[in-house]
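# Inside the fold
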Amino acid sequence: MSLAYATEKQVAIAAVRRACHLTSSVFNNLVTNETLTKGDKSPVTVGDYAAQAVISSVLWHAFPKDPIVGEEDAAELREESGSAMRDRIVALANEALAEEITLGDNVDWGIGPGQEKTTEQLLDAIDRGNYPGGRTGRMWTIDPIDGTKGFLRGEQYAVCLSLIVDAQVQLGVIGCPNLLIDPAEPELGRGVIFVAVKGHGAEQIRLSGANPTPLRIPDFAQEELSFLESVEAAHSSHSFNDRVSALLSIARRPVRMDSQAKYGCLARGEGAAYLRMPTGVGYREKIWDHAPGAVLVEEAGGIVTDSRGLPLDFGLGRTLGENFGVIAAGLGTHARVLQAVQQAGNEQENGKT
Ligand SMILES: Nc1ncnc2c1ncn2[C@@H]1O[C@H](COP(=O)(O)O)[C@@H](O)[C@H]1OP(=O)(O)O
Ligand SMILES: [Mg+2]
Ligand SMILES: [Mg+2]
Ligand SMILES: [Mg+2]
(Lines give C-alpha, C1' and ligand atoms only; values in the text may rest on other atoms or scores of the structure.)
(Ligands and ions follow the chains in the order given, each with its own letter.)
Protein backbone atom coordinates (compact mmCIF):
# COMPACT_ATOMS: atom_id res chain seq x y z
CA MET A 1 0.00 0.00 0.00
CA SER A 2 1.44 3.35 -0.90
CA LEU A 3 1.22 5.83 1.93
CA ALA A 4 0.58 9.51 1.32
CA TYR A 5 3.68 11.61 1.90
CA ALA A 6 5.79 8.48 2.52
CA THR A 7 9.04 10.11 1.34
CA GLU A 8 8.31 13.32 3.21
CA LYS A 9 7.75 11.29 6.35
CA GLN A 10 11.06 9.44 6.03
CA VAL A 11 12.96 12.66 5.27
CA ALA A 12 11.33 14.47 8.19
CA ILE A 13 12.10 11.67 10.66
CA ALA A 14 15.73 11.50 9.47
CA ALA A 15 16.15 15.27 9.82
CA VAL A 16 14.51 15.43 13.25
CA ARG A 17 16.50 12.45 14.55
CA ARG A 18 19.80 14.08 13.55
CA ALA A 19 18.72 17.39 15.07
CA CYS A 20 17.76 15.60 18.32
CA HIS A 21 21.21 14.00 18.58
CA LEU A 22 22.69 17.46 18.03
CA THR A 23 20.61 19.21 20.70
CA SER A 24 21.31 16.45 23.25
CA SER A 25 25.01 16.81 22.65
CA VAL A 26 24.77 20.61 22.93
CA PHE A 27 23.03 20.30 26.29
CA ASN A 28 25.70 17.97 27.58
CA ASN A 29 28.41 20.48 26.60
CA LEU A 30 26.58 23.77 27.03
CA VAL A 31 28.74 26.69 28.02
CA THR A 32 27.38 30.05 29.07
CA ASN A 33 28.43 32.08 26.04
CA GLU A 34 26.41 29.83 23.76
CA THR A 35 23.10 31.56 24.38
CA LEU A 36 21.85 34.88 22.97
CA THR A 37 18.77 36.82 23.95
CA LYS A 38 16.57 37.69 20.98
CA GLY A 39 14.65 40.94 20.43
CA ASP A 40 11.54 39.42 22.05
CA LYS A 41 13.67 38.59 25.16
CA SER A 42 13.53 34.84 24.47
CA PRO A 43 16.78 32.84 24.54
CA VAL A 44 18.37 31.20 21.50
CA THR A 45 21.31 28.78 21.75
CA VAL A 46 23.84 27.31 19.34
CA GLY A 47 21.54 24.28 19.43
CA ASP A 48 18.58 26.20 17.95
CA TYR A 49 20.66 27.59 15.08
CA ALA A 50 22.55 24.38 14.32
CA ALA A 51 19.40 22.23 14.44
CA GLN A 52 17.59 24.58 12.04
CA ALA A 53 20.63 24.47 9.71
CA VAL A 54 20.57 20.66 9.70
CA ILE A 55 16.84 20.26 9.11
CA SER A 56 16.75 22.97 6.45
CA SER A 57 19.75 21.39 4.61
CA VAL A 58 18.09 18.00 4.55
CA LEU A 59 14.82 19.49 3.24
CA TRP A 60 16.68 21.41 0.55
CA HIS A 61 18.36 18.24 -0.75
CA ALA A 62 15.15 16.22 -0.70
CA PHE A 63 12.65 18.91 -1.78
CA PRO A 64 14.64 21.83 -3.23
CA LYS A 65 11.57 23.81 -4.26
CA ASP A 66 9.71 23.71 -0.94
CA PRO A 67 9.71 26.95 1.08
CA ILE A 68 10.35 26.89 4.82
CA VAL A 69 8.84 28.85 7.70
CA GLY A 70 11.56 28.52 10.34
CA GLU A 71 11.82 30.23 13.71
CA GLU A 72 15.47 31.32 13.53
CA ASP A 73 17.44 33.54 11.15
CA ALA A 74 21.20 33.96 10.80
CA ALA A 75 21.44 37.78 10.84
CA GLU A 76 23.27 37.99 14.18
CA LEU A 77 25.58 35.13 13.22
CA ARG A 78 26.66 36.95 10.08
CA GLU A 79 27.97 39.87 12.17
CA GLU A 80 31.60 39.88 13.29
CA SER A 81 30.52 39.63 16.93
CA GLY A 82 28.79 36.34 16.12
CA SER A 83 31.91 34.56 14.91
CA ALA A 84 32.68 32.32 17.91
CA MET A 85 29.11 31.10 18.02
CA ARG A 86 29.12 30.71 14.26
CA ASP A 87 32.12 28.39 14.31
CA ARG A 88 30.55 26.21 16.96
CA ILE A 89 27.25 26.06 15.03
CA VAL A 90 29.06 25.01 11.86
CA ALA A 91 30.94 22.26 13.73
CA LEU A 92 27.75 20.98 15.38
CA ALA A 93 25.69 21.03 12.19
CA ASN A 94 28.38 19.24 10.22
CA GLU A 95 28.77 16.61 12.89
CA ALA A 96 25.02 15.92 12.71
CA LEU A 97 24.86 15.92 8.89
CA ALA A 98 27.82 13.54 8.62
CA GLU A 99 26.51 10.96 11.12
CA GLU A 100 26.39 7.39 9.79
CA ILE A 101 23.42 6.47 7.63
CA THR A 102 20.87 4.41 9.54
CA LEU A 103 17.63 2.64 8.68
CA GLY A 104 15.34 4.88 6.60
CA ASP A 105 18.11 7.37 5.73
CA ASN A 106 19.16 8.15 2.16
CA VAL A 107 22.41 9.83 1.03
CA ASP A 108 20.40 11.84 -1.51
CA TRP A 109 19.20 13.93 1.42
CA GLY A 110 22.67 15.40 1.95
CA ILE A 111 23.39 13.24 4.99
CA GLY A 112 26.03 10.66 5.82
CA PRO A 113 29.82 10.63 6.08
CA GLY A 114 31.51 13.28 3.94
CA GLN A 115 28.38 15.48 3.59
CA GLU A 116 29.75 18.49 5.50
CA LYS A 117 28.79 22.01 4.35
CA THR A 118 30.60 25.34 4.33
CA THR A 119 29.80 28.10 6.81
CA GLU A 120 28.04 30.08 4.08
CA GLN A 121 25.92 27.10 3.05
CA LEU A 122 24.81 26.54 6.64
CA LEU A 123 23.97 30.20 7.28
CA ASP A 124 22.00 30.21 4.03
CA ALA A 125 20.22 27.05 5.18
CA ILE A 126 19.16 28.81 8.39
CA ASP A 127 17.95 31.82 6.40
CA ARG A 128 15.88 29.66 4.05
CA GLY A 129 13.43 29.62 6.97
CA ASN A 130 12.35 33.17 6.15
CA TYR A 131 9.27 32.26 4.07
CA PRO A 132 6.27 34.38 5.05
CA GLY A 133 3.78 31.49 4.86
CA GLY A 134 0.31 31.86 3.40
CA ARG A 135 -2.85 30.18 2.22
CA THR A 136 -1.63 28.18 -0.78
CA GLY A 137 1.09 25.73 -1.76
CA ARG A 138 3.49 23.46 0.07
CA MET A 139 5.62 24.74 2.95
CA TRP A 140 7.52 23.27 5.86
CA THR A 141 7.65 24.68 9.37
CA ILE A 142 10.71 24.23 11.58
CA ASP A 143 10.99 24.92 15.28
CA PRO A 144 14.51 23.63 15.86
CA ILE A 145 14.18 23.78 19.65
CA ASP A 146 10.68 24.34 20.91
CA GLY A 147 10.68 25.19 24.60
CA THR A 148 14.21 26.61 24.71
CA LYS A 149 13.67 27.49 28.38
CA GLY A 150 12.91 23.83 29.15
CA PHE A 151 15.96 22.80 27.12
CA LEU A 152 18.18 25.12 29.19
CA ARG A 153 16.70 23.70 32.43
CA GLY A 154 17.40 20.12 31.28
CA GLU A 155 13.67 19.45 31.13
CA GLN A 156 11.32 18.94 28.18
CA TYR A 157 11.84 20.47 24.77
CA ALA A 158 11.02 19.34 21.25
CA VAL A 159 12.46 19.43 17.74
CA CYS A 160 9.44 20.17 15.57
CA LEU A 161 8.82 19.86 11.85
CA SER A 162 5.64 19.95 9.79
CA LEU A 163 4.53 19.97 6.18
CA ILE A 164 1.60 22.25 5.36
CA VAL A 165 -0.18 22.07 1.99
CA ASP A 166 -2.81 24.69 1.15
CA ALA A 167 -3.03 25.66 4.83
CA GLN A 168 -3.71 22.06 5.95
CA VAL A 169 -1.09 20.27 8.04
CA GLN A 170 -0.32 16.99 6.26
CA LEU A 171 2.63 15.75 8.30
CA GLY A 172 3.94 16.46 11.77
CA VAL A 173 7.12 15.17 13.42
CA ILE A 174 8.01 16.06 17.03
CA GLY A 175 11.28 14.78 18.51
CA CYS A 176 11.45 14.73 22.32
CA PRO A 177 14.90 13.62 23.46
CA ASN A 178 14.13 14.01 27.18
CA LEU A 179 10.70 12.37 27.24
CA LEU A 180 10.31 8.90 28.78
CA ILE A 181 9.59 6.26 26.14
CA ASP A 182 6.92 4.84 28.43
CA PRO A 183 6.13 6.45 31.80
CA ALA A 184 4.91 3.04 33.00
CA GLU A 185 8.36 1.59 32.26
CA PRO A 186 10.95 4.25 33.10
CA GLU A 187 13.78 1.73 32.72
CA LEU A 188 13.22 1.87 28.93
CA GLY A 189 14.82 5.32 29.04
CA ARG A 190 14.15 8.55 27.19
CA GLY A 191 13.90 9.77 23.61
CA VAL A 192 10.82 9.54 21.40
CA ILE A 193 9.65 10.88 18.05
CA PHE A 194 5.94 11.49 17.50
CA VAL A 195 4.81 11.20 13.87
CA ALA A 196 1.45 11.86 12.23
CA VAL A 197 0.30 11.89 8.61
CA LYS A 198 -3.13 13.40 7.97
CA GLY A 199 -5.65 10.65 7.37
CA HIS A 200 -3.14 7.93 8.27
CA GLY A 201 -2.91 8.05 12.06
CA ALA A 202 -0.41 9.00 14.72
CA GLU A 203 2.44 6.96 16.12
CA GLN A 204 5.36 7.12 18.49
CA ILE A 205 8.74 5.70 17.58
CA ARG A 206 11.86 5.61 19.67
CA LEU A 207 14.57 8.14 18.89
CA SER A 208 16.52 5.13 17.59
CA GLY A 209 13.72 4.61 15.02
CA ALA A 210 12.56 1.35 16.60
CA ASN A 211 9.20 0.18 18.00
CA PRO A 212 6.53 2.15 16.11
CA THR A 213 3.48 2.29 18.36
CA PRO A 214 0.10 3.70 17.22
CA LEU A 215 -1.36 6.45 19.40
CA ARG A 216 -4.99 6.84 20.36
CA ILE A 217 -6.31 9.28 22.98
CA PRO A 218 -8.22 7.26 25.60
CA ASP A 219 -11.54 8.18 27.15
CA PHE A 220 -11.12 9.76 30.58
CA ALA A 221 -13.40 9.31 33.56
CA GLN A 222 -14.18 12.55 35.44
CA GLU A 223 -11.80 11.69 38.30
CA GLU A 224 -8.97 11.07 35.81
CA LEU A 225 -9.13 14.49 34.13
CA SER A 226 -6.07 16.69 34.28
CA PHE A 227 -4.68 19.55 32.19
CA LEU A 228 -1.35 19.83 30.42
CA GLU A 229 0.02 23.38 30.53
CA SER A 230 3.18 25.47 30.11
CA VAL A 231 5.81 25.67 32.81
CA GLU A 232 6.29 29.35 31.97
CA ALA A 233 3.46 31.53 33.32
CA ALA A 234 4.43 34.17 30.75
CA HIS A 235 3.53 31.79 27.88
CA SER A 236 0.00 30.91 28.91
CA SER A 237 -2.29 31.89 31.75
CA HIS A 238 -2.07 29.50 34.70
CA SER A 239 -4.77 31.33 36.64
CA PHE A 240 -7.26 31.05 33.77
CA ASN A 241 -6.59 27.30 33.60
CA ASP A 242 -7.17 27.05 37.37
CA ARG A 243 -10.60 28.65 36.94
CA VAL A 244 -11.50 26.29 34.06
CA SER A 245 -10.29 23.39 36.16
CA ALA A 246 -12.53 24.49 39.04
CA LEU A 247 -15.54 24.87 36.73
CA LEU A 248 -15.01 21.28 35.58
CA SER A 249 -14.42 20.04 39.16
CA ILE A 250 -11.05 18.67 38.12
CA ALA A 251 -9.28 17.28 41.16
CA ARG A 252 -5.87 16.49 39.70
CA ARG A 253 -3.13 19.07 39.55
CA PRO A 254 -2.10 20.24 36.07
CA VAL A 255 0.89 18.59 34.46
CA ARG A 256 3.37 21.35 33.60
CA MET A 257 5.75 20.76 30.75
CA ASP A 258 7.61 22.88 28.20
CA SER A 259 7.17 22.65 24.43
CA GLN A 260 5.04 20.60 22.04
CA ALA A 261 5.89 17.56 24.16
CA LYS A 262 2.50 18.52 25.64
CA TYR A 263 0.75 17.59 22.39
CA GLY A 264 2.68 14.30 22.34
CA CYS A 265 1.70 13.50 25.91
CA LEU A 266 -1.93 14.34 25.17
CA ALA A 267 -1.84 12.03 22.14
CA ARG A 268 -0.63 9.15 24.31
CA GLY A 269 -3.09 9.77 27.12
CA GLU A 270 -0.95 11.55 29.76
CA GLY A 271 -3.38 14.36 30.43
CA ALA A 272 -6.91 14.97 29.18
CA ALA A 273 -6.50 18.43 27.63
CA TYR A 274 -3.81 20.90 26.65
CA LEU A 275 -4.95 24.45 27.41
CA ARG A 276 -2.95 27.45 26.22
CA MET A 277 -4.80 30.66 26.89
CA PRO A 278 -3.27 34.08 26.18
CA THR A 279 -1.74 36.11 28.98
CA GLY A 280 -3.14 39.32 27.54
CA VAL A 281 0.13 40.85 26.31
CA GLY A 282 -0.74 40.58 22.62
CA TYR A 283 1.60 37.67 21.83
CA ARG A 284 0.77 35.97 18.54
CA GLU A 285 1.24 32.22 18.46
CA LYS A 286 3.55 30.96 15.70
CA ILE A 287 2.51 28.28 13.20
CA TRP A 288 5.67 26.21 13.96
CA ASP A 289 4.55 25.96 17.60
CA HIS A 290 1.25 24.25 16.75
CA ALA A 291 1.20 22.70 13.27
CA PRO A 292 2.99 19.41 14.17
CA GLY A 293 1.10 19.09 17.46
CA ALA A 294 -2.29 19.80 15.90
CA VAL A 295 -2.02 17.06 13.27
CA LEU A 296 -0.65 14.66 15.89
CA VAL A 297 -3.58 15.17 18.25
CA GLU A 298 -6.16 15.04 15.47
CA GLU A 299 -4.70 11.82 14.10
CA ALA A 300 -4.75 10.35 17.62
CA GLY A 301 -8.51 11.00 17.62
CA GLY A 302 -8.58 14.41 19.28
CA ILE A 303 -9.72 17.93 18.41
CA VAL A 304 -7.70 21.16 18.36
CA THR A 305 -9.47 24.53 18.30
CA ASP A 306 -9.15 28.03 19.67
CA SER A 307 -11.38 29.32 22.48
CA ARG A 308 -14.11 30.15 19.95
CA GLY A 309 -14.21 26.50 18.95
CA LEU A 310 -12.71 27.27 15.53
CA PRO A 311 -9.87 25.25 14.00
CA LEU A 312 -6.41 26.87 14.06
CA ASP A 313 -5.74 28.64 10.77
CA PHE A 314 -2.31 27.81 9.37
CA GLY A 315 -2.87 29.92 6.25
CA LEU A 316 -2.49 33.39 7.77
CA GLY A 317 1.29 33.66 7.50
CA ARG A 318 3.96 32.96 10.11
CA THR A 319 1.53 33.41 13.00
CA LEU A 320 -1.94 32.13 13.84
CA GLY A 321 -3.20 35.72 13.84
CA GLU A 322 -5.10 37.24 16.72
CA ASN A 323 -4.61 35.06 19.79
CA PHE A 324 -7.75 33.21 20.86
CA GLY A 325 -5.76 30.52 22.67
CA VAL A 326 -5.56 26.80 21.99
CA ILE A 327 -7.65 23.94 23.37
CA ALA A 328 -6.56 20.43 22.45
CA ALA A 329 -8.34 17.38 23.84
CA GLY A 330 -9.83 14.00 23.04
CA LEU A 331 -13.22 13.71 21.38
CA GLY A 332 -15.01 13.01 24.65
CA THR A 333 -13.42 15.89 26.56
CA HIS A 334 -13.05 18.77 24.13
CA ALA A 335 -16.64 20.08 24.14
CA ARG A 336 -16.78 20.17 27.94
CA VAL A 337 -13.45 22.00 28.20
CA LEU A 338 -14.46 24.46 25.48
CA GLN A 339 -17.69 25.27 27.31
CA ALA A 340 -15.84 25.83 30.59
CA VAL A 341 -13.24 28.01 28.82
CA GLN A 342 -16.01 30.15 27.39
CA GLN A 343 -17.68 30.43 30.79
CA ALA A 344 -14.40 31.43 32.43
CA GLY A 345 -13.86 33.94 29.61
CA ASN A 346 -17.30 35.48 30.20
CA GLU A 347 -16.64 35.71 33.93
CA GLN A 348 -13.36 37.47 33.22
CA GLU A 349 -15.07 39.98 30.93
CA ASN A 350 -17.73 40.66 33.52
CA GLY A 351 -15.01 41.19 36.12
CA LYS A 352 -16.19 38.38 38.36
CA THR A 353 -12.82 36.68 38.82
N1 LIG B 1 5.51 35.47 25.43
C2 LIG B 1 5.25 34.28 24.94
N3 LIG B 1 3.98 33.80 24.96
C4 LIG B 1 3.69 32.59 24.49
N5 LIG B 1 4.63 31.75 23.94
C6 LIG B 1 5.91 32.17 23.88
C7 LIG B 1 6.28 33.44 24.38
N8 LIG B 1 7.61 33.58 24.20
C9 LIG B 1 8.05 32.45 23.60
N10 LIG B 1 7.03 31.60 23.41
C11 LIG B 1 7.06 30.30 22.76
O12 LIG B 1 6.22 29.42 23.48
C13 LIG B 1 6.63 28.11 23.21
C14 LIG B 1 6.98 27.31 24.41
O15 LIG B 1 6.03 27.51 25.31
P16 LIG B 1 5.78 26.38 26.34
O17 LIG B 1 7.03 25.59 26.48
O18 LIG B 1 5.45 27.20 27.51
O19 LIG B 1 4.65 25.58 25.77
C20 LIG B 1 7.83 28.20 22.45
O21 LIG B 1 7.50 28.13 21.11
C22 LIG B 1 8.35 29.54 22.81
O23 LIG B 1 9.29 29.82 21.89
P24 LIG B 1 10.64 28.89 21.72
O25 LIG B 1 10.38 27.93 20.57
O26 LIG B 1 11.61 29.92 21.39
O27 LIG B 1 10.91 28.18 23.02
MG1 LIG C 1 12.76 30.58 20.40
MG1 LIG D 1 8.52 27.10 19.82
MG1 LIG E 1 12.15 27.42 19.19
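Computed from a prediction, not measured in an experiment: that's the story for all the values here. (Residues numbered from 1 in each chain as written. Chains lettered and ligands numbered in written order. Predicted model: local features only at pLDDT ≥ 70, side-chain atom pairs only at ≥ 80, totals over all residues. Heavy atoms only, no water.)

## Points about the pattern of salt bridges
In the structure shown here, the tally under the stated rule is 19 salt bridges. Notably, a salt bridge pairs Glu-71 with Lys-38, separated by 3.0 Å at the nearest N-O pair. Placement of the pair is Glu-71 in the loop between strand 3 (68-70) and helix 3 (75-78) and Lys-38 in the loop between strand 1 (35-37) and strand 2 (43-45), with a sequence separation of 33 residues. With a relative accessible area of 18%, Lys-38 lands in the buried category. (Salt bridge = Lys/Arg side-chain N within 4 Å of Asp/Glu carboxyl O. Helix = DSSP H or I, 4+ residues; strand = E, 2+ residues; numbered from the N terminus. Buried < 20%, exposed > 50% of the residue type's maximum accessible area, 1.4 Å probe, protein only.)

## Examining the coordination of the magnesium ion (ligand 4)
Each angle at a metal carrying four tetrahedral donors should ideally be 109.5 degrees, and each at a metal carrying six octahedral donors should ideally be 90 or 180 degrees. All of the protein donors around the magnesium ion (ligand 4) are Glu-71 (OE), Asp-143 (OD) and Ile-145 (O); their distances to the metal are 2.0 to 2.2 Å. Positions of the donor residues of the magnesium ion (ligand 4), expressed as sequence spacing, correspond to E-x71-D-x1-I. Separating the magnesium ion (ligand 4) from the magnesium ion (ligand 2) is a gap of 3.4 Å, bridged by Glu-71, which donates to each. You'll find Asp-143 and Ile-145 in the same group, each marked buried. (Donors = N, O, S within 2.8 Å, 3.2 Å for Na, K, Ca; no water.)

## Digging into the coordination of the magnesium ion (ligand 3)
Around the magnesium ion (ligand 3), the protein supplies Asp-143 (OD), Asp-146 (OD) and Asp-289 (OD) as donor atoms, at distances of 2.0 to 2.2 Å. Each donor residue of the magnesium ion (ligand 3) lies on the same chain, and together they follow the pattern D-x2-D-x142-D. Taken as a pair, the magnesium ion (ligand 3) and the magnesium ion (ligand 2) show a spacing of 5.5 Å. Of this pair, Asp-143 sits in strand 4 (residues 138-146) while Asp-289 sits in the loop between strand 12 (273-276) and helix 9 (291-299), placing them 146 residues apart in sequence. Here Asp-143 and Asp-289 have matching classes, each one buried.

## Digging into the domain arrangement of the protein chain
Per the domain assignment, the segments of the protein chain are domain 1 (6-214) and domain 2 (222-352). Just the C-alpha atoms count here: the centres of domain 1 and domain 2 sit 25 Å apart. Listed per partner, the contact involves 48 residues of domain 1 and 28 residues of domain 2. Roughly 2,700 Å² of surface becomes buried between domain 1 and domain 2 when both sides are summed, with 62% attributable to carbon and sulfur atoms. Counting across the interface, domain 1 meets domain 2 through three salt bridges. In this structure, the salt-bridge partner of Arg-135 is Asp-313, at a minimum N-O distance of 2.9 Å. Seen at the junction of domain 1 and domain 2, the total is 15 residue pairs in polar contact (both at pLDDT 80 or more). (Domains from an automatic or database assignment. Contact = heavy atoms within 4.5 Å. Buried area = accessible area lost by both parts, 1.4 Å probe. Polar contact = N/O pair within 3.5 Å; in protein donor to acceptor, adjacent residues only side chain to side chain.)

## Topic: the sheet that holds strand 6 (residues 168-180)
Reading across the sheet, the seven strands line up as 3-4-5-6-7-8-9 and stay open at both edges, with mixed pairing between neighbours. Unpaired on one side and paired on the other, strand 3 and strand 9 (213-214) mark the two borders of the sheet. Of the strands in this sheet, strand 4, strand 5 (158-165), strand 6, strand 7 (190-197) and strand 8 (202-206) touch helix 1 (residues 6-28), which is tilted by about 30 degrees from strand 6. Strand contacts of helix 9: strand 4, strand 5, strand 6, strand 7 and strand 8, with the helix running at about 95 degrees to strand 6, the strand carrying the most contacts. (Pairing = 2+ DSSP bridges. Axes fitted to C-alpha atoms, helices over the stretch in contact; angles between N-to-C directions.)

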